[in-house]
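So the chains spell out like this:
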Number of protein chains: 2
Amino acid sequence: MLSTAGRLTRFVYFPHRHLISLSLTRSSSSIVQSSRLLSRCSAMESVTKSLASLSLHPTLVNHTGTNSPATWRDALTTSADGPDSFELIKTLVYKPKTAKTATPVPVVVIAREAASVNSGAIGKNLNLKDLRLASEDLLKDFFSLDKDSLSPLALNETNFSKVVTVVDASIATISNPLALHALSSSATVFLSSSDLLQYLRNLETENAKIHELDLQNLETAAPAATSKPPPKQKEDARIEGSVQIAVGVKKEVDFSTWYTNVLLKADMLDYYNVSGCYILKPWSYSIWEEIQKWFDAEIKELGVQNSYFPMFVSSKVLEREKDHIEGFSPEVAWVTKAGNSDLEEPIAIRPTSETAMYPYYAKWIKSHRDLPLKLNQWNSVVRWEFKNPQPFLRTREFLWQEGHTAHLTKEEADVEVRQILELYRRVYEELLAVPVIPGIKSEKEKFAGGLYTTTVEGFIPTTGRGIQGATSHCLGQNFSRPEMFNIVVEDPTDPTNQRKIHVWQNSWGLSTRVIGVMVMVHGDNQGLVLPPRVASVQVVVVPCGITVNTSNETRSKIEGACDELAKTLKKAGIKVKADLRDKTPGYKFNDWEQKGVPLRLEIGPNDLAKQQTLTVRRDNGVKSAVALDNIASTVSQLLESVQNDMFKRAQETFHSRLKEVTKWEDVVPTLDSKNVVVLPWCEREACEEDIKERSAKASEPTDERAPSAGAKSLAIPFDQSRWTAIEPGKTKCPACGNDAKRWTMFGRSY
Amino acid sequence: MLSTAGRLTRFVYFPHRHLISLSLTRSSSSIVQSSRLLSRCSAMESVTKSLASLSLHPTLVNHTGTNSPATWRDALTTSADGPDSFELIKTLVYKPKTAKTATPVPVVVIAREAASVNSGAIGKNLNLKDLRLASEDLLKDFFSLDKDSLSPLALNETNFSKVVTVVDASIATISNPLALHALSSSATVFLSSSDLLQYLRNLETENAKIHELDLQNLETAAPAATSKPPPKQKEDARIEGSVQIAVGVKKEVDFSTWYTNVLLKADMLDYYNVSGCYILKPWSYSIWEEIQKWFDAEIKELGVQNSYFPMFVSSKVLEREKDHIEGFSPEVAWVTKAGNSDLEEPIAIRPTSETAMYPYYAKWIKSHRDLPLKLNQWNSVVRWEFKNPQPFLRTREFLWQEGHTAHLTKEEADVEVRQILELYRRVYEELLAVPVIPGIKSEKEKFAGGLYTTTVEGFIPTTGRGIQGATSHCLGQNFSRPEMFNIVVEDPTDPTNQRKIHVWQNSWGLSTRVIGVMVMVHGDNQGLVLPPRVASVQVVVVPCGITVNTSNETRSKIEGACDELAKTLKKAGIKVKADLRDKTPGYKFNDWEQKGVPLRLEIGPNDLAKQQTLTVRRDNGVKSAVALDNIASTVSQLLESVQNDMFKRAQETFHSRLKEVTKWEDVVPTLDSKNVVVLPWCEREACEEDIKERSAKASEPTDERAPSAGAKSLAIPFDQSRWTAIEPGKTKCPACGNDAKRWTMFGRSY
């Protein structure tokens, strides 16, 4: 986020299609709201009156402030008051090119949120030139509203005749209730489509009528209107533009809106009507399936077996380990009722399964011959977080695997902790092309109840924040000791058979969070960018250069060649799709780009003649014509290059943002420049808390989506050789002046 | 179950190791209890007193009556009062061979439940001949108790000197609390092992001491005592015996105890401390993984994609469809609390996902181009049944897949319903070797809220009951209609673009129930029998004929050959394990037999000389020596034969028990002979209810584990050609005399 202190409201203007608001901090937005509240109330009151005069008494729902379609939808779905399904209605205001002296006549376009609005086509239809999105000032002048409060209800008897009103014809076909801002970004009115149209028609006069336009067909009609196929460069330029419609906001400017928009536009995820829960659609779930397939095979090689433990945990069992449960209890969801009966005692839904599983480990492990016991499960767990949810990163239910193993010796447990961590590193680096740094957590940050925690730490360059990738814990004998679960065997090395050993345990987990990290690291302003190894579609083949003048024979030849190409690649094990839909190439390019497909192959009449195809890489946009001869091997190599290049680029970025810092005064400025600082640290818990506090005070206001403003320790990297050697007794901790022990990564984090 | 009306308590004596009680009906067992209650109370009172005199004040837990280790453990784990982990202690009473005139001195053996008790070895140690399990009469004479109430606490100052008391030495090593029957099968006392030993030692006199014996080592020592390796036949005979120790009861005699014992002994499952929930251990979970792998690939071929919807459903959404929710609401588990906060409104855990998913289908399906939409998820669902739980068949949480698809036309939906049903048939018949009959459900038995339900119906020959295998539903337009979820598109065939189509929907599910059905159909008195296609170990290789006289060289040659053989088979894709543990061959045979491994290969010195291996089939016990040359192909063929033979045998049984019945008076006797009746049925709901009522009244008392005593319609088979053609207007329904429509399977069921 931009680190401009003291701002209240700032809008950044994009000439393309949208007004973008920077996300407001909570306190500042409430100031804005209270100062405008009165005028809005009276405005809404008069709207309510005119609705009532039409016998319309719609539902009004108050909710948290919203600044994007995603946050709006989220606010409504989490509200208990609104309908279960609805459709968001957006209101865009355009200003046509007008002589400076003339009063502008704004064009108000009312459309379903999902509709792409082609202002060029609208302008053409209305005979208006050069429609551009109106500035914030113009919105204030005309409607006394900002863009997040704008709504069709802002049109009233006073202003209706001063604007041109365009209504997307498809609104009439919507049967769900329509959500309209109640002249406020934190209140919504629900109206049926016929009621909305009735409201608008009621404003019509002899000279001011609404224009119903079929925006969907306007848009697809536009390219067809051109008599000649547009030259390649021009087409590409057009896509540049439409792509920004898609994601809506720039990654560097409003990262959290960008993130949710990418997820929605790439069809990875949808919001769900239980707050903090999300639907994983096939486009993201397939990534999880790829990770599962790979990781599952690897752990089976290590002798791990899959099993399934129930999702329910009795309170007695859950609360057995004190430190452990303290870490989880505020987030535990409790089942207290079944049908109409109250349960005798509440039953928890597992937040993790240590205490649920280990009573059975105690039962099953009777001899050293039963060791090692290595079980894993692929399941979901529930942590009812009350902080702001964020798809993949912080959700109330999430999918993961949890491995739980028991060993005879600490040495054996130690080895496994690192074997698993290495697999986690490979999931990130080799599958997702996301660089991570393996290390150990500080005492403060380790798993509640464990002995030590190892981690692979990732980094989100756009925000400069660290993110925990996955953790592999050694629990030591903490859960196996006599007063806990008492998991004990005879020591096989003891000739007297008297000595007992309480087993050494590990637990380790990797969750769907990995998908969120991958999106954040690789995505760009065109949308998602998928590494080939986890893409469910690695290559899309698009027929090009087909126009109204193209003969049927040529058309079917081109489409046939695309189909043939796809078949060839499929045979070679490449995940490929030939996109023969009845859509323009531009539409398809955009569609697959925002979904992140790693490689596009185009075949047009020219390519066909030369027996070649144009390859376009999603990661860097590089185009190159290649021969169809031996194409499977060419494409395989290209995909390999894409995978490697994506990783290398991300790794270079991460490494360039890991800053060795030895003076306290450099810590906060270095963090503020979106870096992770690496300190020669004393490893004292008190010092860690102090660092967190001092770095928080000094920094920008908290971003509510990324809650930790103070820097915490991320990891003590295993590979210390990267930094200047620490001289025992000489090198001092820059935070407290005590002797430094190891280089430790500190950063703001997710 | 045996259909002897009016019995109160009957015990069947097995000469092997155990007393078996037939399961009692609830009413009859309560009569027994009340008549004995007083004497037991006072007996327990005096035990409590003598415990108190030793300063022991143990926990006493009352629970439901138990008649097997499995039901006992279940009763304790579901009770809120006992400790979370404990170990069951069994008390066996043997009678040595005594002259008829002499007073017998019974041997009371106190051991951990899991211990195998070798009475021969105990007798040898105590110098007593021919120990046989004592009769029920002897138990009553000495202790005034039946075997399900017996406990070390039955020993008191009066009777201690009249018996020989043996205590398994390993009890002293148990750190968990010990569960002991409180002289009642419906009450349990918990004592530590040292307290139990203190209690027993307190009874000792100069002439009557307890005998501490290491039962585990007695047992393994026994074969080693033989100086020569036992000849093959003798070894097999010994296994016959030990196998019955393992499963404990005969499938034909006490089916429900047999079933849970097989699951426990095969290491498929363990009881869990939340009632109605079970742990799926790797030996059963791997079967589910095989089914997932196969089915998942097949549905992906049909264009189905995987996704994940949250486990939570808001009450508003859940209750949207009236018929549907009526079918599920009594079993819905509700989350009402998170951490310490009460939720604003309770949230359900999905019992199935129709109403959770379809609001989003309405949102995603905007055009006929979005159809068909075919999503599936692999997840768990919760149905909080209050009936008796039964592993795999009726559990409060279970794993399944649920497919949910939307189509433009009924024809397309109809086709898919059958495609999926065919896949379900293949899961049962081709993977699990379990025959099923595909058909359609009656109106009464169809899915709540759907249009029609198709099913594959299985059959459990031992009980003569039908069992629903998996169902594929056509929901029609019931969930898509305007007043429901309103999932609507424009009719693409309508030139005016005015006509709307509400989509046609299907849903279909297959659960871990399949595993239970497979166990019930194929298991035998040696334990589990696995079909090769779902076995995680298809072949086990066991070195044989190694004795104390075997040279180290020969031993390592034999073990090397086993290892080599396993490697050869593994290379050929066969799932194989060489069992080189330091255990006797007999132990290993028994172990793998009760776990159901389809094929055992033995290599001894002779086999090595002849370059052969002895193959032993688990399904039919057939042995045959085959050359090691070309062994992979021989074994593959053998496994194929096992798979096919298992299916054929089960199919012949099922078909022989499908009885065409045309007269009402034949219905109940045919059901009572453990058949499914096939009636030319009128298909009227009133008639179905009548059949159920009349067949229930006429039949044996209800078995609480198999709750439906009346016959219900199982399915109307698609293939009607098996039975005499129905003549419209002439063939009458044998239940009501109305015109018959189709042949319909009726039966008692799970």
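The structure displayed is predicted, hence computed values, not measured ones. (Residues numbered from 1 in each chain as written. Chains lettered and ligands numbered in written order. Predicted model: local features only at pLDDT ≥ 70, side-chain atom pairs only at ≥ 80, totals over all residues. Heavy atoms only, no water.)

All names here are of chain A. All told, the structure shown has 46 aromatic pairs over all chains when counted by the stated rule. Aromatic pair W288 and W378: ring centres 5.8 Å apart, planes at 80°, arrangement edge-to-face. Taken together, the residues span a long stretch of sequence, with W288 in helix α9 (residues 282–301) and W378 in strand β17 (residues 373–382) at a distance of 90 residues. Residue class for W288 comes out buried when judged on its relative accessible area of 2%. (Phe/Tyr/Trp six-rings, centres within 6.5 Å; stacked < 30°, edge-to-face > 60°. Helix = DSSP H or I, 4+ residues; strand = E, 2+ residues; numbered from the N terminus. Buried < 20%, exposed > 50% of the residue type's maximum accessible area, 1.4 Å probe, protein only.)

A word on the interface of chain B and chain A. At the interface, 68 residues of chain B touch 66 residues of chain A. Between chain B and chain A lies a buried interface of about 6,000 Å² when both sides are counted; carbon and sulfur atoms form 56% of it. Its largest share of buried area at the contact with chain A, chain B owes to Y272(B), Y308(B) and F312(B), together 11% of the area lost on that side. Inspection of the chain B/chain A interface yields six salt bridges. We note a salt bridge from K300(A) to E289(B), for which the minimum N-O separation is 2.9 Å. Counting across the interface, chain B meets chain A through 27 residue pairs in polar contact (both at pLDDT 80 or more). The dominant element in the side of chain B that touches chain A, judged by the number of residues it contributes, is strand β15 (residues 333–338) of chain B, at six residues. (Contact = heavy atoms within 4.5 Å. Buried area = accessible area lost by both parts, 1.4 Å probe. Salt bridge = Lys/Arg side-chain N within 4 Å of Asp/Glu carboxyl O. Polar contact = N/O pair within 3.5 Å; in protein donor to acceptor, adjacent residues only side chain to side chain.)

It is worth spelling out the relation of the copies chain B and chain A at this point. Turning chain B through 180° and shifting it by 0.0 Å along the axis lays it on chain A, with an RMSD of 0.2 Å. Taken together, these values place the two copies in the relation of a two-fold axis. Among all C-alpha atoms of chain B, that of V335(B) lies closest to the rotation axis, at 2.1 Å. (Least-squares fit on C-alpha atoms with pLDDT ≥ 70 in both.)

On to the side chain of E290(A), then. All names here are of chain A. Examined against the element boundaries, E290 turns out to sit in helix α9. On the basis of relative accessibility, which here comes to 17%, the residue E290 falls in the buried class. Residues in contact with E290, not counting those within four places in the same chain, are L431, R533, V534 and K575.

We now examine the UniProt feature "domain: Aminoacyl-transfer RNA synthetases class-II family profile" (unreviewed entry) in chain A. In this numbering, the UniProt entry assigns the feature "domain: Aminoacyl-transfer RNA synthetases class-II family profile" (unreviewed entry) to residues 285–531 of chain A. Along residues 285–531 of chain A the backbone is 29% helical and 32% strand, and the end-to-end C-alpha distance reaches 15 Å. (UniProt positions renumbered as here; feature names shortened; annotations may be inferred.)

Take the sheet that holds strand β28 (residues 612–617) of chain A next. Residue and element names in this part refer to chain A. The strand order β26-β25-β27-β28-β29 describes an open sheet built from five strands, whose pairing is mixed. Either end of the sheet is taken by a strand with one partner, and the two such strands are β26 (576–578) and β29 (623–627). Neighbour-to-neighbour, the strand axes of the sheet open up by a mean angle of 25°, direction not taken into account. As paired elements, β28 and β29 share five bridges and run antiparallel to each other. Each bridged residue has a counterpart across the sheet, and for T615 the counterpart in β29 is S624. The strands touched by helix α18 (residues 631–656) within the sheet are β25 (539–543), β27 (599–603), β28 and β29, with β28 carrying the most contacts at an inclination of about 10°. (Pairing = 2+ DSSP bridges. Axes fitted to C-alpha atoms, helices over the stretch in contact; angles between N-to-C directions.)

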